[in-house]
Amino acid sequence: MSALSAFAVDAPAASPGPEVGAAANCYHCGAPNPQPARWMAVVAGAERAFCCAGCQAVAQTLHAAGLDNLYAGRTSVAARPESEADDDWARWGAAAESGGLVRALPDGRREASLLLEGMTCGACVPLVESWVGRQPGVAAACVNYATRRALVTWDPRQTQLAAVLRAIAAVGYRAFPYDPARREALARRERRALLTRMAVALLAMMQVMMFAIPVYLADDGVAPEHRKLLEWASFVLTLPALFYSAAPFFTGAWRDVTHRRLGMDVPVVLGLSAAFAASAWSTFAGAGPVYYDSVTMFVALLLVARYVELAARQKAGDAIESIARQRPDTAERLARWPGGGDGETVPAATLSPGDVVLVRPGALVPADGAVLDGRSHVEEAMLTGESAPRPRAPGDALWAGAVNRDNALVMRVDAAGEDTRLAAILRLAERAAATRPAVVKSADRIAAVFVAALLALAAATAAFWWLHEPSRAFAVTFAVLAVSCPCALALATPAALAAAAGALARRGVVLARSDALEALAGVTHMVLDKTGTLTEGRIRLAGCATADGRARVDVIALAAAVEARSEHPLARALVAAAAGGPRVDAEDIRQASGEGVSARVAGIEVRVGRPAFVAALAGAMPAALADFARGRPDTLVGLNNTHGWHAVFAFADTLRPGARALVAQLHALRVTPLVLSGDRPESVAAVATALGIADARGALLPEDKRAAIAALQARGARVAMAGDGINDAPALAQSQVSLALGSGAPLAQWTADLVLLSDRIELVAEALVAARRTFAVIRENLAWAIVYNGLAIPAAAFGFVTPLLAAAGMSGSSLAVVANALRLTRAPKTASAPAGAKAAPESAWKS
């Protein structure tokens, strides 16, 4: 029997088996607990005891998924596993599947986001990725060091999640299906453990330094008996620093060596071991130099650097994690609305489209949907980056994760669980965070080569000094190992990228591809769509000309029937204009991407769309309609059938408030803006003139946009594109980096490399500035690491650097890299327009 098979969700509520919740028996499986209890966790509002870590993990996973009610509805306790295949990892995998923490991909594969415990440095990343990636059935394994998360994809016909978790455990780490509560608990535990180790090391360092100062300062030396006493005291105080505080370094080095890798812990452990061994030999022998002060200082300062790096890493990941924390666990479903009756609390993931939910003041909106009853203000800061609460009334949209501020709302559920906008944002962010950019992989390869070269140099240094001046061999070799800073090389890139991604996420810009910032930093041209990107997309029907005396209301109703299933802004404007008019039924509706829509009405083919698309069915536009269309800057849409033209519609739009600021900032950043649009050239030219854009092209099909971008790239341009529609997808894919607005079509968002959660188009410039700042910081960090190591290592090898100075220099170098990266957590300052930039008047274009 599996760990979850005892749950009968549809059965009547029954009390747990004997002593299920008591400390004597496991809350999950009912088996006797060890005494005293070793595994405790708060589940369903009370502290529970468990017989093993597996049962504790299953219960915590169910709690994170909002499935605590499964315990109340079970008819018996879960059975203990009876075979090796049913071990703790198997129960973990089963719980993750039941809790909705494993996603099914369209191609049949499975994907899960895992939280890793035991990672001590960036060198752990390639070890986990390569080891897990070699397991049978695993398609991909990507690890993000900044967030301690792994994204694993596998084929369920060849392997299961339990096998992946076991494989990770085999190399010395622990992995669990991700949930925000566990991540916070892990972060607290990690900080607390590191802080304790650091405190012990600092205390030992201060005491050992106090014992070493008399030796350094005494002009006539210290009496032998006193010196021996000080050395023995230093020896005793160094032991906890070495074997407790430095234990993670030894664990990491052993893991690297057993898997034939040279990580950053290897030179650290070699230096510490050699220095301590030489000092202990001198202490026991009663003669020779000791380096206890250097050992304790090295451990203490290295832990200080790692603590600062840990704090910076967790701060960088907090932006995305804060979005994950907005994921609602439960909902109050109204089964008999509007007839009344009490609501029932259910897991938010179990809601279905059509359910009616009550959202109380201060509660999270549990799903995507629309307001049915009530008026309130909701805060969507974590979803859109907009801090001001927005009013919501019946008919208005609500997004999962938003916070209801004022009054209770009754809402209809349109999408829940993994189908919500919040879940889509998290998937985008997870994929970007879990994959490592090419620049990070290059830095990791350089760091690995650096460690190997460092060990070879240390061996050569030791041999040279042993032959020429044996008394200094240990001190100089330890200085070489201590002064080197592979951590700075490994941290330079991921620390900066994580900080920048966190800062952008707080501003409402989500990275959907890990290489997006690197591509955006080198952009020379910015392609902008017009409708929905530079303009608000709130299109209205501004004019209509009909042929052969047809009634305006009839042609609008006919066009709206053909466009009824389309989400294009022009289609929505037609449907809105037809409200209250005569009803027309259309069938066999077909969409031609970038052209228009065709359908059959009363057995006759009807087309609505670009004038050229419509003309292909019934010939050229009549003179009366052509006179109406001539010279208008509006977007024109034609309507006809196989017998002839019916009407031409003119649609007007307004510029986005941030469009002028965006173009001015692009000019200031020396990025060339241009407009590629499917709208009429006259309309596109009017918008471009108002914004000060010299290159504007209209009447482009999706393939024309893609070809235009390809032509720019052939001339050496690095092109970014911002768009929002289905017809922008080919061009977005062709560009080096693409950006989609939050109101855009889902296909545009999934094609894009960055997604703007709100419709503030000026965030495009902020993302560009952030990308350039990020890679400027990366270059600074790498330059610092190269210069520091290039000067410090030779100086140490020639004996000019003492072990104490080497320890301080290495820690200081790591701190400098992390502190420089932390500058990116501040919001970027967008560039101001240059003095010569054109400023179009507000009235230059208005439709």
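Residues numbered from 1 in each chain as written. Predicted model: local features only at pLDDT ≥ 70, side-chain atom pairs only at ≥ 80, totals over all residues. Heavy atoms only, no water.

## A word on the overall build of the protein
When its secondary structure is counted, the protein shows 28 helices and 29 strands. For the protein, with 847 residues in total, the buried portion stands at 53%. Residue pairs in contact within the protein that sit at least 24 positions apart in sequence constitute 70% of those at least 6 positions apart. Only carbon and sulfur atoms are counted for the fraction: they give 58% of the accessible area of the protein, which is about 34,900 Å². (Helix = DSSP H or I, 4+ residues; strand = E, 2+ residues; numbered from the N terminus. Buried < 20%, exposed > 50% of the residue type's maximum accessible area, 1.4 Å probe, protein only. Contact = heavy atoms within 4.5 Å. Areas by Shrake-Rupley, 256 points an atom, 1.4 Å probe, with all protein chains shown as cover.)

## Notes on the packing of aromatic side chains
In this structure the tally under the stated criterion is 11 aromatic pairs. Relative to tyrosine 292, the ring of phenylalanine 235 has its centre 6.2 Å away and its plane inclined at 70°; by these criteria the two rings are edge-to-face. Placement of the pair is phenylalanine 235 in helix α7 (residues 224-245) and tyrosine 292 in helix α10 (residues 292-325), with a sequence separation of 57 residues. For tyrosine 292, a relative accessible area of 2% translates into the label buried. (Phe/Tyr/Trp six-rings, centres within 6.5 Å; stacked < 30°, edge-to-face > 60°.)

## Section: the environment of leucine 303
Here leucine 303 shows up in helix α10. As a C-alpha pair, leucine 303 and alanine 201 span 102 residues in sequence and 8.1 Å in three-dimensional space. Sequence-distant contacts of leucine 303, defined by excluding residues within four places in its chain, comprise Leu194, Arg197, Met198, Ala201, Ser245 and Phe249.

## Here we look at the pattern of salt bridges
Using the criterion set out here, one finds 19 salt bridges in the structure. A salt bridge links glutamate 762 to arginine 760; the nearest nitrogen and oxygen atoms lie 3.2 Å apart. Classification of glutamate 762 as buried rests on a relative accessible area of 18%. Linked by salt bridges that have partners in common, Asp588, Arg590, Glu605 and Arg607 make up one network. (Salt bridge = Lys/Arg side-chain N within 4 Å of Asp/Glu carboxyl O.)

## Section: helix α22 (residues 659-668)
Of all the positions in α22, only Ala659, Leu662, Val663, Gln665 and Leu666 are classed as buried. An end-on view of α22 places all buried positions within 160° of arc, on one side of the element. As for α22, its buried residues are in contact with β18 (525-528), α17 (530-534), β25 (672-676), α23 (681-691) and α27 (763-797). Positioned one or two residues after α22, arginine 670 has a phi angle of 60°, which is positive. (Arc of directions from axis to C-beta.)

## Some remarks on the sheet that holds strand β29 (residues 754-756)
A sheet is described by the order of its strands in space; here 7 strands give the open sequence β17-β29-β28-β27-β18-β25-β26, paired in mixed fashion. Each edge of the open sheet is held by one strand with a lone partner, namely β17 (509-511) and β26 (695-697). Taken over all neighbouring pairs, the strand axes of this sheet differ in orientation by 20° on average, direction set aside. For β25 and β26, the ladder comprises 3 bridges, and the chain directions are parallel. Each bridged residue has a counterpart across the sheet, and for leucine 676 the counterpart in β26 is arginine 697. (Pairing = 2+ DSSP bridges. Axes fitted to C-alpha atoms, helices over the stretch in contact; angles between N-to-C directions.)

## What about the pairing of strand β6 (residues 149-154)?
In summary, the side chains of a regular strand alternate between the two faces of the sheet. Burial within β6 is extensive, with 6 of its 6 residues counted as buried. Side chains Arg149, Leu151 and Thr153 of β6 all project onto a buried face; the interleaved residues Ala150, Val152 and Trp154 project onto the opposite face, where all are buried too. Looking at chain direction, strand β4 (residues 110-117) and β6 are connected through 6 bridges and run antiparallel. Considered in β6, the bridge of leucine 114 is made with alanine 150. With 6 bridges connecting them, strand β5 (residues 138-144) and β6 associate as antiparallel partners. If you follow alanine 140 over to β6, its bridge partner there is threonine 153.

## Brief notes about the packing of helix α18 (residues 552-562) against helix α19 (residues 569-577)
One way to put it is that α18 packs onto α19 with a least axis distance of 8 Å and a crossing angle of 135°. If you check the angle between α18 and α19, you find them oblique. In this structure, the crossing between α18 and α19 has a hand that is left-handed. Along its contact with α18, which presents Ile556, Ala559 and Ala560, the element α19 presents Leu574, Val575 and Ala577. (Parallel < 35°, antiparallel > 145°, perpendicular 65-115°, else oblique. Left-handed = near helix turned anticlockwise from the far one by under 90°.)

## Examining unusual backbone geometry
In this structure, alanine 602 is a non-glycine residue whose phi angle is positive, near 55°. Not every positive phi belongs to a glycine, and arginine 670 is a case in point at roughly 60°. Mapping arginine 670 onto the fold places it in the loop between α22 and β25.

## A few points about the confidence of the model for the protein
Low-pLDDT portions of the prediction should not be read for the details of their coordinates. Chain-level statistics for the protein give a pLDDT mean of 78 and a share of 79% at 70 or above. Scored below 50 in pLDDT, residues 1-22 makes 45 contacts in the model with residues more than four places away or belonging to other chains. Within the model, the stretch residues 832-847 combines pLDDT values under 50 with 27 contacts to residues more than four positions away or in other chains. (pLDDT = per-residue confidence, 0-100.)

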